[in-house]
Amino acid sequence: MIIMKPTATDSQVDAVIERIQSVGAHAHPSRGEEVTVIGAIGDREHVARLGLEGYDGVDKVVPILKPYKLASRQLKGDTRTVLEIGGRKIGGDHFALIAGPCTVETRDQTLDTADAMLAAGATMFRGGAYKPRTSPYAFQGLGQEGLRLLAEAKERTGLPVVTELMDARDIEAVAEVADVIQIGARNMQNYPLLSEIGRSGIPVLIKRGLSSTLEELIMASEYVLKEGNEAVMLCERGIRTFETAYRFTLDLTAIPVLKEMTHLPIVVDPSHAAGRRALVEPLSLAAAAVGADGIIVETHPEPDEAICDGPQQLRVDAFDAYAIKVEQASVLAGKLPFGAAATQNAAAAQTTA
Ligand code: PEP
Ligand code: MN
């Protein structure tokens, strides 16, 4: 990690970058408000031998001892990554409420849910077109048709779309609709897929594997960052433990600990951890209060009729109240309001007017 002086000029930064590249290493500059920091990824010995300390504009050269480099908190000092996706921010002071069905089923189900999410003040819309199912005999998602419905939902509401990519062969089709590509828990360690998304430059949400450590999760993000894609979010979605009273154990400790380890935004998925509706709100409030940068939650107009994950999906008609509470919890943890109350109040004022 090469820390430039606050007074360093662009050409001094460029000279350091060129020197790093001249020995076959990769240079990842990140321009902060005060100083520019350049991550040099390559053979440690080669980079050390360059004597970058002596270059004009260089303050100091610090080795990053962690196995993850570009994701490491150290690389950005106190600055946290803030991503702007379709005009909605996440990270730092910004909280995102990402909501929608587990899977895209029908046009009405998709569009009704998207309309309701917009009205409740959610900031992004989720929905799977390609579904990772434990059973090969279970519904695998609508595929291309699902993507088309997501595109329609986006066009109508303006909400950015989060949808899963399972197979690199579908990346072009998914990229046409997705504002954020989701990497499911089961694919967290699919390294060729992660690298491909890294090269695509499309923002990505990486879900923690069922039995993965936090370090393994961050290493997955490193595969995307290494390709030059800095738009990465991590997601805690519950892990396997000995407990069987609920679907997975939501690891809330992971949120403050991940924030010590990385500058990337941290999202929580209470739905897949809970497995049942009654637990989703309390887990969401806890996640927001413990400092999550966002929540990704499942919701359906008629959960009892849902093709998959019905028992855990929030009812769309109960979502307004839920969004307000999540916003309050996130504000309690120091975030700016994401717009649930403002959106709902504006709509109410229009109805009375
Ligand atoms: C999902 O979010 O649709 C999903 C399948 O989650 P996970 O990969 O965490 O199981
Ligand atoms: Mn689901």
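Residue numbers restart at each chain and count upward from 1, following the sequence in its written direction. Written order determines the labels here, with chains lettered from A and ligands numbered from 1. Given that this is a predicted model, residues contribute local features only at a pLDDT of at least 70 and side-chain atom pairs are listed and counted only at 80 or more, while totals for whole chains, interfaces and linings are drawn from all residues. Values reported for side chains reflect all heavy atoms of the structure, with hydrogen atoms and water molecules removed beforehand.

**Here we look at the site of ligand 1**
The criterion, for reference: In this text, near means that some heavy atom of the residue lies within 4 Å of the molecule or strand in question. Between N or O atoms, a polar contact is any pair within 3.5 Å; within protein, one atom must be a potential hydrogen donor and the other a potential acceptor, and residues adjacent in sequence are included only when both atoms are from side chains. Per-residue and other accessible areas follow the Shrake-Rupley method at a 1.4 Å probe size, with only the shown protein chains counted as cover for residues. Three residue categories are used. Nonpolar comprises Ala, Val, Leu, Ile, Met, Phe, Trp, Tyr, Cys and Pro, charged comprises Asp, Glu, Lys and Arg, and polar comprises the others, including Gly.
In the vicinity of ligand 1, the contacting residues are Arg-126, Lys-131, Pro-132, Gln-182, Gly-184, Ala-185, Arg-186, Lys-207, Arg-237 and His-272. Arg-126 is positioned with one of its side-chain polar atoms (N or O) 2.8 Å from an oxygen atom of ligand 1. Within the side chain of Lys-207, one N or O atom sits 2.8 Å away from an oxygen atom of ligand 1. A total of 300 Å² of accessible area belongs to ligand 1 in isolation, and the protein chains cover 96% of it. Of the residues assigned to the shell around ligand 1, the class counts are two nonpolar, three polar and five charged.

**Considerations on the coordination of the manganese ion (ligand 2)**
Our working definition: Atoms are scored as donors when they are N, O or S and lie within 2.8 Å of the metal, with 3.2 Å used for Na, K and Ca; no water is included, so coordination may look incomplete. In DSSP terms, a helix is any run of H or I states spanning at least four residues, a strand is any run of E spanning at least two, and both are numbered starting from the N terminus. Accessibility here uses a 1.4 Å probe with only protein chains present; expressed as a share of the type maximum, an area under 20% marks a residue as buried, one over 50% as exposed, and anything in between as partly exposed.
At this site the manganese ion (ligand 2) is bound by Cys-102 (SG), His-272 (NE2), Glu-298 (OE) and Asp-309 (OD), with donor distances of 2.0 to 2.4 Å. Ordering the donors of the manganese ion (ligand 2) by residue number gives the pattern C-x169-H-x25-E-x10-D. With His-272 in helix H10 (residues 270-274) and Asp-309 in the loop between strand S14 (294-300) and strand S15 (314-315), the pair connects residues that are 37 residues apart, well separated along the chain. Across this residue pair, the class does not change: His-272 and Asp-309 are buried.

**Concerning empty space enclosed by the protein**
Put simply, the rule is: Here a cavity means grid points, on a 1 Å grid over the protein atoms only, where a 1.4 Å probe fits yet cannot get out; a pocket means an open set of points with protein on both sides within 12 Å along at least five of seven lines; lining residues are those with an atom within 4 Å of a point. Grid points are joined across faces, edges and corners, and a volume is the space filled by probe spheres set on the points.
Scanning all chains against the criterion turns up one cavity of 30 Å³ or more. Within this model, the largest cavity holds a volume of roughly 50 Å³. Considering the residues around the largest cavity, the lining is formed by Arg-126, Gly-127, Gly-128, Tyr-130, Lys-131, Pro-132, Val-162, Thr-163, Glu-164 and Gln-182. For the lining of the largest cavity, the element with the most residues is strand S9 (residues 161-164), which contributes three residues.

**Details of the pattern of salt bridges**
We apply this condition: The term salt bridge refers to a side-chain nitrogen of Lys or Arg lying within 4 Å of a carboxyl oxygen of Asp or Glu.
Taken as a whole and judged by the stated rule, the model has 17 salt bridges. Among the salt bridges present, the one from Arg-148 reaches Glu-152, with a minimum N-O distance of 3.9 Å. On the criterion of helical spacing, the pair formed by Arg-148 and Glu-152 is a turn pair, its members being four residues apart in helix H5 (residues 144-157). Among the salt bridges present, the one from Asp-179 reaches Lys-154, with a minimum N-O distance of 3.0 Å. Of this pair, Asp-179 sits in the loop between helix H6 (171-177) and strand S10 (180-183) while Lys-154 sits in helix H5, and the two are 25 residues apart along the sequence. A residue is classified by how much of its surface remains accessible, and Lys-154, at 23% relative accessible area, is partly exposed.

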